[in-house]
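# Breakdown of the fold
Next come the chains, spelled out residue by residue.
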Amino acid sequence: MANKGPAYGMSRQVQDKIDSKYDPELELILVEWISRQCGSGVGKPEAGKMGFQSWLKDGCVLSELINSLYTGDKPVKKIQSSAMAFKQMEQISQFLNASEKYGVTKTDMFQTVDLWEGKDLAAVQRTLLALGSLAVTKDEGTYNGDPNWFFKKAQENKREFSDDQLKAGKNVIGLQMGTNRGASQEGMSYGRPRQIL
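Computed from a prediction, not measured in an experiment: that's the story for all the values here.

### Structural notes on the overall build of the protein chain
The number of helices and strands found in the protein chain is eight helices and zero strands. When the helices and strands of the protein chain are placed in sequence order, the string is α-α-α-α-α-α-α-α. Counting every position in the protein chain, which comprises 197 residues, the buried fraction comes to 34%. For the protein chain, restricting intrachain contacts to residue pairs at least 6 apart in sequence, the fraction spanning at least 24 positions comes to 56%.

Next comes the structure, spelled out in structure tokens:
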């Protein structure tokens, strides 16, 4: 973590809430997938949040992961471990850019500081989960792991209707528009009628 003192009050409550979203079971699945996907060269981290963060912090493992999902031209050209903070952050941002090109949406992406400073490791897990789901969905033969670890994203299911079918559909009143069956005021009374003298 960065050289930052402990949080107090509301900041502490917010950080505790963010920390509670971290899933240790998902960590085991992600570690197993990354190890299978990248090979034994990436190793495995110590169990727990801090081990997971320190394993991914320099960005090299993440860059190896995204490169392993591409066939042919690799998106991260230079993977180099460095002790300098800005080099590590640059490696992480290269992974994020390559993930976005692969198809991970912006809303599923973590910020570089979420990983590097350990502010929101649950966001890192969500990004890796989205990346794994995309790899399973694309089914390009580059995914190495159990397909049941990640959910498969929905695919487009285009339907073709003839002109006769489209015209027939215009005559049907959908239930979303409501119905007029049983709509009468018979039997309704609002008290005594007005007496005009």
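### A short note on the layout of surface pockets
Approximately 180 Å³ is the volume attributed to the second largest pocket. Looking at the lining of the second largest pocket, its residues break down into no nonpolar, five polar and three charged.

### Thoughts on the packing of aromatic side chains
Throughout the structure, instances matching the rule amount to two aromatic pairs. Above the plane of the ring of Trp116 lies Lys57, whose end atom (NZ or CZ) is 4.5 Å from the centre. Positioned above the aromatic ring of Tyr102, the side-chain terminus of Lys138 is 3.8 Å from the ring centre.

### With respect to helix H4 (residues 60–68)
Within H4, eight of the nine residues are buried, leaving the element largely enclosed by the surrounding structure. Every buried residue of H4 is accounted for by Cys60, Val61, Leu62, Ser63, Leu65, Ile66, Asn67 and Ser68. Where H4 is buried, its residues contact helix H2 (24–38), helix H3 (49–56), helix H5 (85–102), helix H6 (112–116) and helix H7 (121–138).

### Describing the environment of Gln91
Mapping Gln91 onto the fold places it in helix H5. The exposure class of Gln91 is buried, given its relative accessible area of 5%. Separated by 31 residues in sequence, Gln91 and Cys60 have C-alpha atoms that sit 6.8 Å apart. With residues near it in sequence (within four places) discarded, Gln91 still touches Asp58, Gly59, Cys60, Ser63, Val76, Lys78, Ile79 and Gln80.

### Some remarks on the packing of H4 against H5
Two numbers describe how H4 lies on H5: the axes approach to 8 Å, and their chain directions differ by 25°. Put simply, H4 runs roughly parallel to H5. Crossing handedness for the pair H4 and H5: left-handed. Between H4, through Cys60, Leu62, Ser63 and Ile66, and H5, the contact on the second element is made entirely by Gln91, Phe95, Ala98, Ser99 and Tyr102.

### Remarks on the packing of H2 against H3
Remark: H2 packs on H3, axes separated minimally by 11 Å, with the N-to-C direction vectors making an angle of 30°. Judged on the interaxial angle alone, H3 and H2 are roughly parallel. Remark: the crossing between H2 and H3 carries left-handed chirality. For the pair formed by H2 and H3, the contact residues are Glu27, Leu30, Val31, Ile34 and Ser35 on the first element and Lys49, Phe52, Trp55 and Leu56 on the second.

### Quick notes on the pattern of salt bridges
The tally for this structure, following the rule as stated, stands at four salt bridges. Taking the shortest distance from any N to any O, the salt bridge between Lys119 and Glu117 comes out at 3.7 Å.

### A short note on the nonpolar core
One finds Leu56 and Leu128 to be the most contacted residues of the largest nonpolar core, which totals 39 residues. It is H7 that provides the largest number of residues to this core, a total of nine residues.

### Brief notes about the environment of Ala85
Mapped onto the elements, Ala85 comes out in helix H5. For Ala85, a relative accessible area of 31% puts it in the partly exposed group. With 28 residues separating them in the primary sequence, Ala85 and Lys57 have C-alpha atoms 9.6 Å apart.

Definitions and cut-offs
- Residues numbered from 1 in each chain as written.
- Predicted model: local features only at pLDDT ≥ 70, side-chain atom pairs only at ≥ 80, totals over all residues.
- Heavy atoms only, no water.
- Helix = DSSP H or I, 4+ residues; strand = E, 2+ residues; numbered from the N terminus.
- Buried < 20%, exposed > 50% of the residue type's maximum accessible area, 1.4 Å probe, protein only.
- Contact = heavy atoms within 4.5 Å.
- 1 Å grid on protein atoms, 1.4 Å probe; cavity = no way out; pocket = protein on both sides within 12 Å on 5 of 7 lines; lining within 4 Å.
- Points joined across faces, edges and corners; volume = space filled by probe spheres on them.
- Nonpolar A, V, L, I, M, F, W, Y, C, P; charged D, E, K, R; others polar.
- Phe/Tyr/Trp six-rings, centres within 6.5 Å; stacked < 30°, edge-to-face > 60°.
- Lys NZ or Arg CZ within 6 Å of the ring centre and 35° of its normal.
- Axes fitted to C-alpha atoms, helices over the stretch in contact; angles between N-to-C directions.
- Parallel < 35°, antiparallel > 145°, perpendicular 65-115°, else oblique.
- Left-handed = near helix turned anticlockwise from the far one by under 90°.
- Salt bridge = Lys/Arg side-chain N within 4 Å of Asp/Glu carboxyl O.
- Core = buried A, V, L, I, M, F, W, Y, C linked by side-chain atoms within 4.5 Å.

So far we have only geometry, and geometry alone does not tell us how the molecule works.
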